[in-house]
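# Topology and contacts: notes
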Amino acid sequence: MADEWKAPPEGGDEKSWKLLEKTLLATVEERRRARRWGIFFKLLGFTYLLVLLAMFSPALSLKEAARTGDHTALVEVRGMIADDESASADNIVGSLRAAFKDKHTKGVVLRINSPGGSPVQSGYIYDEIRRLRAAHPDTRLYAVITDLGASGAYYIASAADAIYADKASLVGSIGVTAASFGFVEAMERLGVERRVYTAGEHKAFLDPFQPQKEGEVRFWREVLEVTHRQFIDSVKQGRGERLRDKDHPELFSGLVWSGEQALQLGLVDALGSASHVAREVVGAENLIDFTVRETPFDRFAKKLGSGVAERLGIWMGLQAPVLR
């Protein structure tokens, strides 16, 4: 390429042209290096993504390789019971179906540590437990409450063949709650005017930025009472004569009891852990975890999808009934 510059244009300076040539060559080489490094980092990022997908794949969480021989299937209900949480109806129901379907499952333990949550999600799980028990009469399901089995979590537990707890577990809280805030006086002091335009007389009912209306509050309490009655009916259906509610009507007041007290009230059947139930009751000491574990990508997608609705509900001051 240097030969091309033996005859520089008339009036040109040979040294200047050679300097220009070197500069151009250096620029081309720099761009080539940058392109090679760009390709390298793209491949590195792609490889890292593949490793993450492999590590957090739900299929790996079921521990297929470990399912050999008779075992007790374990399904965890941990944390809030809600559509966008790990203890959602989709996750729990999917785990239970897999546990009952496995030919080596001799019994199922539903290990619970939850304050409750959505009555809808809890109801879905309750109904599915009863369906699976009817479809697999030879496979019994035992609910085991660890630290906490309250409200919606107890709703789920009441569908089991039997409930176990620790003597210090907290059990019960058969009630419904819905909470909000009121900012009317604060807005008046700040001189802020609330403007709401609706089509429908009660479309903005329970708006936290406007004074409460007695009729709307009464209506909302009726909704909560209906939900509470559904909760009570389900618990009574699941527990039957074991529940000593005739002598203890406070069972449905929203109070919680220790596992030892719950045993006396018929809220639980015995004291014991998951391993105790597997070993002494089911007769298959090997516990295999069938709990569906969501990947970080699944959780992010759920959070993203529910975020708008949640923020909107908070802004309106409207919280759905919660078994908590």
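Scroll up to find the structure.
Just so it is clear, the model here is predicted, and its values are computed rather than measured. (Residues numbered from 1 in each chain as written. Predicted model: local features only at pLDDT ≥ 70, side-chain atom pairs only at ≥ 80, totals over all residues. Heavy atoms only, no water.)

With burial as the criterion, each face of strand S4 (residues 162-165) is covered, one bearing Ala162 and Tyr164 and the other bearing Ile163 and Ala165. The sheet contact formed by strand S3 (residues 141-150) and S4 spans four bridges and is parallel. Each residue of the ladder has a partner; that of tyrosine 142, found in S4, is alanine 162. In this view, the connection linking S3 to its parallel neighbour S4 by way of helix H5 (residues 152-157) has right-handed handedness. Bridge analysis of S4 against strand S7 (residues 270-271) gives two bridges, and the strand direction is parallel. (Buried < 20%, exposed > 50% of the residue type's maximum accessible area, 1.4 Å probe, protein only. Helix = DSSP H or I, 4+ residues; strand = E, 2+ residues; numbered from the N terminus. Pairing = 2+ DSSP bridges. Right-handed = clockwise from strand over helix to strand, strands pointing away.)

A separate point is unusual backbone geometry. The phi torsion of most residues other than glycine is negative, and most of the peptide bonds are trans. Positive phi values are uncommon outside glycine, yet serine 151 reaches one of about 50 degrees. Tracing the sequence through the fold places serine 151 in the loop between S3 and H5. The phi torsion at serine 173 lies on the positive side, around 55 degrees, for a residue other than glycine. Within the secondary structure, serine 173 is located in the loop between strand S5 (170-172) and helix H6 (184-190).

Moving on, we get to the nonpolar core. The biggest cluster of nonpolar side chains holds 45 residues, and the ones touching the most others in it are Leu96, Leu110, Ile125, Tyr154 and Leu267. Take this core: its biggest share by element is six residues, from helix H3 (residues 89-101). Leave out the neighbours within four places in its chain, and tyrosine 154 touches Ile145, Gly149, Ile163, Val171, Gly172, Ile174, Val235, Arg239, Leu243, Gly266 and Leu267. (Core = buried A, V, L, I, M, F, W, Y, C linked by side-chain atoms within 4.5 Å. Contact = heavy atoms within 4.5 Å.)

If you walk through the whole model with that rule in mind, you get 15 salt bridges. The residue arginine 133 makes a salt bridge to aspartate 161 at a minimum N-O spacing of 2.9 Å. One end of the pair, arginine 133, is in helix H4 (residues 119-135); the other, aspartate 161, is in the loop between H5 and S4, and 28 residues separate them in sequence. A salt bridge links arginine 195 to glutamate 193, with the nearest nitrogen and oxygen atoms 3.4 Å apart. Each member of the pair, arginine 195 together with glutamate 193, is exposed. In the salt-bridge network here, residues are joined through shared partners; they are Glu76, Arg78 and Arg111. (Salt bridge = Lys/Arg side-chain N within 4 Å of Asp/Glu carboxyl O.)

With that out of the way, let us pick up the side chain of serine 169. By secondary structure assignment, the location of serine 169 is in the loop between S4 and S5. In this structure the side chain of serine 169 is engaged in a polar contact, spanning 3.0 Å, whose partner is the backbone nitrogen of aspartate 166. Excluding residues that lie within four positions of it along the chain, serine 169 makes contacts with Ile145, Thr146, Asp147, Trp257, Ser258 and Gly259. (Polar contact = N/O pair within 3.5 Å; in protein donor to acceptor, adjacent residues only side chain to side chain.)

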